[in-house]
Amino acid sequence: MKDKEIEKLISSEKKRQKEVINLIASENYVSDDVLKALGSELTNKYAEGYPGKRYYGGQKFVDKIEELAQKRALKLFKLSVKNWHVNVQPLSGSPANVAVYTALVQKEGKIMGMSLDNGGHLTHGHKVSITGKFWVSVPYGVHQETEVLDFDQVRKIAEEHKPAMIVAGFTAYPRRIDFKKFREIADACGALLMVDMSHFAGLVAGGAYPSPFEYADVVTTTVHKTLRGPRSALIFSRIDNRELYKKIDKAVFPGMQGGPHLNQIAAVAVALKEANTPAFKKYARQVVRNAQVLSNELQKLGWRIVSGGTDSHLILVDTWMNGLGVSGKEASDLLEKAGIIVNKNTIPGETRSPMDPSGIRIGTPAETTRGKKEKDMVKIAEMIDKALKKKSKKK
Ligand SMILES: *Cc1c(COP(=O)(O)O)cnc(C)c1O
């Protein structure tokens, strides 16, 4: 690169990524092919509109790229073009969710998602997000004791508020989600069901986590988490006489966005093809196995795991343990000093502040991409325990 300042910073970041143990549950390492597509000349092209219906000339190749990305997305999740439509243009997960609400929920209509401190995402109606300003949030949470989804509570809130949309699929929830139950509750109160599978899409693709497609009206996902693609998002919608997909396409463009990022869409297509291989299936299963081993080992070492374990790629550790341990911020700082990168996280029933909560969230997608297996997880658990114990009052 001619720009030495940026070149140096990029290479420093590359080195940092290589040197740390990356346990951030929402990160991953993409292939060289994904990077190549992202860094290609496609970034020069304007293509407002959709394939075959663009506002600029010169679209003969980029139309094919967008169509290929769509085709591969449907194929990966075993969806037929007759029943499902996919929009591959959202720039990232948050704008994808906002586009869906814009399309399907009236201004000030009710959105019922999991609260942030119980594991929901900001875009599921939190007050600091645009989704909590333009729409009315009626949040649900997990059961106080078991820390798993409390369907009696979900049903009660749904019956009381009759939301326009129920959102399932979370950011910091380690367990399987019973999508069928969500469907039944949505039907009983006349709500649409959106599943945001941003975190576990790669596990669904690899057959290591339940698929939401049988039950949801709309499924959104980021591509850059377990799915191991570029930063981007997809919106799947069921095709039927409600024509939700038409409204969603209009909400993405021209509703929220201008020209799509074609370099990103090409990289998405590459990642979707990579995810549709036996090697990726193996990867997805290993991600979950690694998380389970890490969770068990930490438990053996005396740490409290929220909900008692995990069925996915992520674990929530209660590091605070009612004052016996260290706060989430302290834990994250201590671990960073030991070369382990995690993020601090609230735990259900949080008693501290979001800036310095009671726990950390750890995930295995990135390290599994780097080839780590069960035995490595045993070692990582010991490293975590050693780093935190120095400071913790826990015996
Ligand atoms: C990460 C995430 C998003 C948002 O993705 P961005 O690309 O960061 O905007 C939305 N929903 C859920 C559940 C997520 O985990």
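For the structure itself, consult the block above.
Residues numbered from 1 in each chain as written. Predicted model: local features only at pLDDT ≥ 70, side-chain atom pairs only at ≥ 80, totals over all residues. Heavy atoms only, no water.

So, the side chain of asparagine 22
For step 1, the next point in the chain: Structurally, asparagine 22 can be placed in strand β1 (residues 21-22).
For step 2, the next point in the chain: With relative accessibility at 4%, the residue asparagine 22 sits in the buried group.
For step 3, the next point in the chain: Polar side-chain contacts of asparagine 22 include one of 3.1 Å to the side chain of glutamate 27. (Helix = DSSP H or I, 4+ residues; strand = E, 2+ residues; numbered from the N terminus. Buried < 20%, exposed > 50% of the residue type's maximum accessible area, 1.4 Å probe, protein only. Polar contact = N/O pair within 3.5 Å; in protein donor to acceptor, adjacent residues only side chain to side chain.)

Here's the deal with the site of the ligand
For step 1, the next point in the chain: Around the ligand there are 13 residues in total, and Ser92, Ser94, Asp196, His199 and Lys225 lie nearest to it.
For step 2, the next point in the chain: Between the ligand and threonine 171 there is a distance of 3.1 Å, counted from an oxygen atom to a side-chain nitrogen or oxygen.
For step 3, the next point in the chain: In this structure, histidine 224 approaches the ligand through a side-chain N or O atom, which is 3.4 Å from an oxygen atom.
For step 4, the next point in the chain: If the ligand stood free it would expose 380 Å²; the protein chains cover 86% of that surface.
For step 5, the next point in the chain: Among the elements that line the shell around the ligand, the one with the most residues is helix α4 (residues 93-104), at three residues.
For step 6, the next point in the chain: Class assignment of the residues belonging to the shell around the ligand gives a composition of one nonpolar, 10 polar and two charged. (Near = heavy atom within 4 Å. Areas by Shrake-Rupley, 256 points an atom, 1.4 Å probe, with all protein chains shown as cover. Nonpolar A, V, L, I, M, F, W, Y, C, P; charged D, E, K, R; others polar.)

Section: the environment of asparagine 28
For step 1, the next point in the chain: Residue position: asparagine 28 is located in the loop between β1 and α2 (32-38).
For step 2, the next point in the chain: Excluding residues that lie within four positions of it along the chain, asparagine 28 makes contacts with His224, Lys225, Thr226, Arg228, Tyr283, Pro365, Ala366 and Thr369.
For step 3, the next point in the chain: Within polar-contact distance, the side chain of asparagine 28 engages the side chain of threonine 369 at 2.6 Å. (Contact = heavy atoms within 4.5 Å.)

Re the pattern of salt bridges
For step 1, the next point in the chain: Tallying each qualifying case throughout the model produces 23 salt bridges.
For step 2, the next point in the chain: Residue aspartate 63 pairs with arginine 54 through a salt bridge whose shortest N-O separation is 2.7 Å.
For step 3, the next point in the chain: Salt-bridge contacts for lysine 246 lead to glutamate 243; the nearest nitrogen and oxygen are separated by 3.3 Å.
For step 4, the next point in the chain: Linked by salt bridges that have partners in common, Arg183, Asp187, Asp217, Asp240 and Arg242 make up one network. (Salt bridge = Lys/Arg side-chain N within 4 Å of Asp/Glu carboxyl O.)

Some points on the packing of aromatic side chains
For step 1, the next point in the chain: Scanning the entire structure with this criterion turns up 15 aromatic pairs.
For step 2, the next point in the chain: The interplanar angle of 80° and the centroid separation of 5.5 Å between the aromatic rings of phenylalanine 170 and tyrosine 173 together place this pair among those described as edge-to-face.
For step 3, the next point in the chain: Taken together through their ring pairs, the aromatic side chains of Tyr140, Phe151, Phe170, Tyr173 and Phe182 make up a single cluster.
For step 4, the next point in the chain: Across the ring face of tyrosine 283, the terminal group of arginine 228 is positioned such that the distance to the ring centre comes to 4.2 Å. (Phe/Tyr/Trp six-rings, centres within 6.5 Å; stacked < 30°, edge-to-face > 60°. Lys NZ or Arg CZ within 6 Å of the ring centre and 35° of its normal.)

Topic: a nonpolar patch on the surface
For step 1, the next point in the chain: The grouping of Met1, Ile6, Leu9 and Ile10 at the surface amounts to a nonpolar patch, some 400 Å² of accessible area in total.
For step 2, the next point in the chain: Its place among the elements puts methionine 1 in the segment before α1 (4-19). (Patch = residues over 30% accessible without salt bridge, like charges linked within 9 Å, V, L, I, M, F, W, Y side chains within 5 Å.)

The quantities given are spatial measurements derived from coordinates; they are silent on function.
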